[in-house]
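Given next are the chains, with one letter for each unit.
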Amino acid sequence: MKSLVLAGLALLAGCQTSALVDDVDLSLDFSPLTGPSDALHTPYVAGAQFNVWIEANHGDIHGWSIVSEDPTILSVGAFDAATNDGYAPAVAVRAGDTRLVIIDYNGLTRHTHDVSVKVPDRIDVLAHGPLLLGDETDAVVSSPQILTGGTATFLTEPYAEGDRLYGNHALSVVPHAGSTAIVEHTSFLEDRDWLAITADAEPGASSVDLVVAGQTIRTLPVEVVDDSVITSMQLVGESEKHRHSKESLVVVAEASSAGGPVYGVTYDFTVDGQAQAADGDVYRYTYDKHDDVMLEASHGTLADGVLIHSSGGYVSSTNATGCSAAPGSVTTPWALFCVGAAIVASRRRRYFEMSR
């Protein structure tokens, strides 16, 4: 009943009755008092693949369609609310500007939205560890050092003329001698392209070309190093100040040399002296102010420890992105969050249908 009243208020307020929403970055902040608002994350990066939904306050959207005025710039596949779950697949084909149009079953235009597609002139590369700690400034890398035989994963962020570009499945890579590299995609909750680099066994210089739309946008220098250059390590955790019980927090193990951070390092973890089953560089735990435990990590002769307040946790890795960071059991808080968020995500497209 409450949702029906809110939807009625929205209609009386004269709000728009339909909108276009993509799944580039799910932000569950709909307000039924104002009706659906556009949430297309334009400009898109050339090559991006994503889905576009029609959201409407009222009315049956069966037989409606989403049309791109220039499919050579942004291509949109078939939309069928009955068989395609209410969305259409889209591909940002090439740089340019076009418009998406919602057309109803009577052939009438219900809504339009301008869309821009761009080829980046810059790609930032960010280390995953600092991002987990909420420190984007320290995450930016220019020439990462990676331990021989190790794998390091970095977030890539494309820009054009200073504007952030959105969407994933746009990046490809060409590794040079001394390393191998692949692109990993996260399409759940937030669409991102991740760069995973594995260093060869021998120290030396290498590089990876970052390619979008057939153009090499950046060549990332990589320095392959061995254990002899590592001079220190430390455990860095999220602040526990003002945290609530059962919040999920992380501690990241970081190695350094005279030249800066060393990535691709794995550590042995113990909790109150008990060895943990897995190796990695991240410890995820459930906050509980009543439980004090000593978390320690070591690599070779180097070690560090930190007191945390935890009712349980597990070892993970900065090479695990999205919900792949969760352990196998669906009873852990992070895994339960992924399951719950998947249910919410599956329902978000029907929000206004249920509330009309």
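Notes on the structure follow.

About the cut-offs
Residues numbered from 1 in each chain as written. Predicted model: local features only at pLDDT ≥ 70, side-chain atom pairs only at ≥ 80, totals over all residues. Heavy atoms only, no water. Phe/Tyr/Trp six-rings, centres within 6.5 Å; stacked < 30°, edge-to-face > 60°. Buried < 20%, exposed > 50% of the residue type's maximum accessible area, 1.4 Å probe, protein only. Lys NZ or Arg CZ within 6 Å of the ring centre and 35° of its normal. Pairing = 2+ DSSP bridges. Helix = DSSP H or I, 4+ residues; strand = E, 2+ residues; numbered from the N terminus. Axes fitted to C-alpha atoms, helices over the stretch in contact; angles between N-to-C directions. 1 Å grid on protein atoms, 1.4 Å probe; cavity = no way out; pocket = protein on both sides within 12 Å on 5 of 7 lines; lining within 4 Å. Points joined across faces, edges and corners; volume = space filled by probe spheres on them. Nonpolar A, V, L, I, M, F, W, Y, C, P; charged D, E, K, R; others polar.

What to know about the packing of aromatic side chains
For step 1, the next point in the chain: As enumerated under the stated definition, the model contains 5 aromatic pairs in all.
For step 2, the next point in the chain: With a centroid separation of 4.2 Å and an interplanar angle of 15°, the aromatic rings of Y44 and F50 are classed as stacked.
For step 3, the next point in the chain: Considering the side-chain rings of Y283 and Y285, the 6.3 Å spacing of their centres and the 20° angle between planes classify their relative orientation as stacked.
For step 4, the next point in the chain: Using a relative accessible area of 3% as the deciding quantity, one classes Y285 as buried.
For step 5, the next point in the chain: One aromatic cluster is present, formed by F269, Y283 and Y285 through successive ring pairs.
For step 6, the next point in the chain: Between the NZ or CZ atom of R122 and the centre of the ring of Y159, over which it lies, the distance is 4.0 Å.

Some points on the sheet that holds strand β7 (residues 96-103)
For step 1, the next point in the chain: With mixed pairing, 4 strands are arranged side by side in an open sheet as β2-β8-β7-β4. Pairing within the sheet leaves two strands with one partner each, and these edge strands are β2 (44-45) and β4 (65-68).
For step 2, the next point in the chain: As defined by bridge partners, β2 adjoins strand β8 (residues 109-118) across 2 bridges and the pair is classed as parallel. In the strand pairing of β8, V45 is matched with K118.

A closer look at the sheet that holds strand β3 (residues 49-56)
For step 1, the next point in the chain: Taken in spatial order, the 4 strands line up as β1-β3-β6-β5 in an open sheet, and their pairing is antiparallel. Two strands lie at the open edges of the sheet, namely β1 (18-22) and β5 (74-76), each paired on one side alone. Strand-to-strand twist of the sheet, defined as the mean angle between neighbouring strand axes without regard to direction, takes the value 30°.
For step 2, the next point in the chain: Examined bridge by bridge, β3 and strand β6 (residues 87-92) share 5 bridges and lie antiparallel to one another. The residue of β6 that forms the bridge with N51 is P89.

Side note on the layout of surface pockets
The probe, sized like a water molecule, is rolled over the atoms to show the empty space still left.
For step 1, the next point in the chain: Estimated volume of the second largest pocket: approximately 350 Å³.
For step 2, the next point in the chain: Breaking the lining of the second largest pocket down by element, the ones donating at least two residues are α2 (128-132), β11 (151-160), β18 (230-237), β19 (248-257) and β20 (260-263).
For step 3, the next point in the chain: Tallied by class, residues from the lining of the second largest pocket come to 14 nonpolar, 8 polar and 4 charged.

Looking at the environment of K246
For step 1, the next point in the chain: Examined against the element boundaries, K246 turns out to sit in the loop between β18 and β19.
For step 2, the next point in the chain: The class for K246 is exposed, based on a relative accessible area of 66%.
For step 3, the next point in the chain: Between the C-alpha atom of K246 and that of G312, which follows or precedes it by 66 residues, the distance is 9.7 Å.

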